[in-house]
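Read off the chains here:
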Amino acid sequence: LYQKLMPLLQGKKGVGEIAKAVGIKAPSLYNHFPSKQAIFDAIVENTAAHYEEDTDGINVHVQDVRRDVPTFSDISADALAEKGRQIFLYSLHDQTISQFRRMMTLEQFRSPDLAELYSQRYPDRMIAYHADIFRALISAGELPDEDPETMAWMYVSPVITLLAVCDRQPEREAECLAKLDAHGRLFFRTFNLSDEQWILCPVCGAKTRARLLPDTILRNFPLFCPKCRYECVIRFRDGKMEEVASA
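This write-up is about the structure you can find in this document. (Residues numbered from 1 in each chain as written. Predicted model: local features only at pLDDT ≥ 70, side-chain atom pairs only at ≥ 80, totals over all residues. Heavy atoms only, no water.)

## What about the sheet that holds strand E4 (residues 231–237)?
Here three strands make up an open sheet; going across it, the order is E3-E4-E5 and the pairing antiparallel. Looking at which strands have only one partner, the edges of the open sheet turn out to be strand E3 (218–224) and strand E5 (240–246). Strand-to-strand, the axes of this sheet are offset by a mean angle of 35°, without reference to chain direction. As paired elements, E3 and E4 share five bridges and run antiparallel to each other. Its bridge partner being in E4, Pro 222 is matched across the sheet by Val 233. (Pairing = 2+ DSSP bridges. Helix = DSSP H or I, 4+ residues; strand = E, 2+ residues; numbered from the N terminus. Axes fitted to C-alpha atoms, helices over the stretch in contact; angles between N-to-C directions.)

Structure follows, in structure tokens:
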């Protein structure tokens, strides 16, 4: 029913016209939805439940970020690109999700309330989810100490743009997937998601906030682990670390 209703909500049709278009009597529809806004609200809730149920299978839990932090901890470039591809293809081709996105893209310009709702449910929620992921990884010393919300906008914005391109021009899907892959890998390199570029804590093994270059040499370097809060002094040369003293 919700998939039949979504295309009919676009424009100025009343509840009576919508009922007629889906082949049911207006009183029957009024029993469930007293207004057009009530139909919108029900569709939003149904779509959110549908998304959460489906994405659970690819380890994306927008409603509980803590479950997903281990998935992104020490993730490889290939795994990050594949995760982005899975979510992108699901969002693009799932009929309920794609239909909802197209409906709200149009209706946001007819209703300030729907515009606010669309922002809350779509970009704002995506940004908040990724910001919480990045915040947890920064706290664990696995990402550099940058602003997590800014990082989230940098990661999510191109994805939203590429989805919009595919919605308008489906024939460009392959091109957009290639750009999505390049974006994910560039993000990975930019924020140095690689064990070889960070000094690991000698106690808990987590990444510290000390970055390494191939020719880095350290003498009497004070090291602090943001995860277990261990402090020590180290030497580093030729890829080998030696603990000199603990704090």
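## Thoughts on the nonpolar core
Judged by nonpolar contacts, the single largest core of 26 residues is most densely connected at Phe 72, Tyr 129, Ile 133, Phe 134, Leu 143 and Met 151. Breaking this core down by element, the ones donating at least two residues are helix H5 (69–72), helix H6 (77–93), helix H8 (112–139), helix H9 (148–168) and helix H10 (173–190). By residue number, the principal contributor to this core is H8, which donates seven residues. Aside from chain neighbours lying at most four places away, what touches Met 151 is Phe 134, Ile 138, Leu 143, Glu 146, Phe 187 and Phe 191. Among the nonpolar cores identified, the runner-up in size contains 21 residues, and Phe 40, Met 104, Cys 176 and Leu 180 belong to it. (Core = buried A, V, L, I, M, F, W, Y, C linked by side-chain atoms within 4.5 Å. Buried < 20%, exposed > 50% of the residue type's maximum accessible area, 1.4 Å probe, protein only. Contact = heavy atoms within 4.5 Å.)

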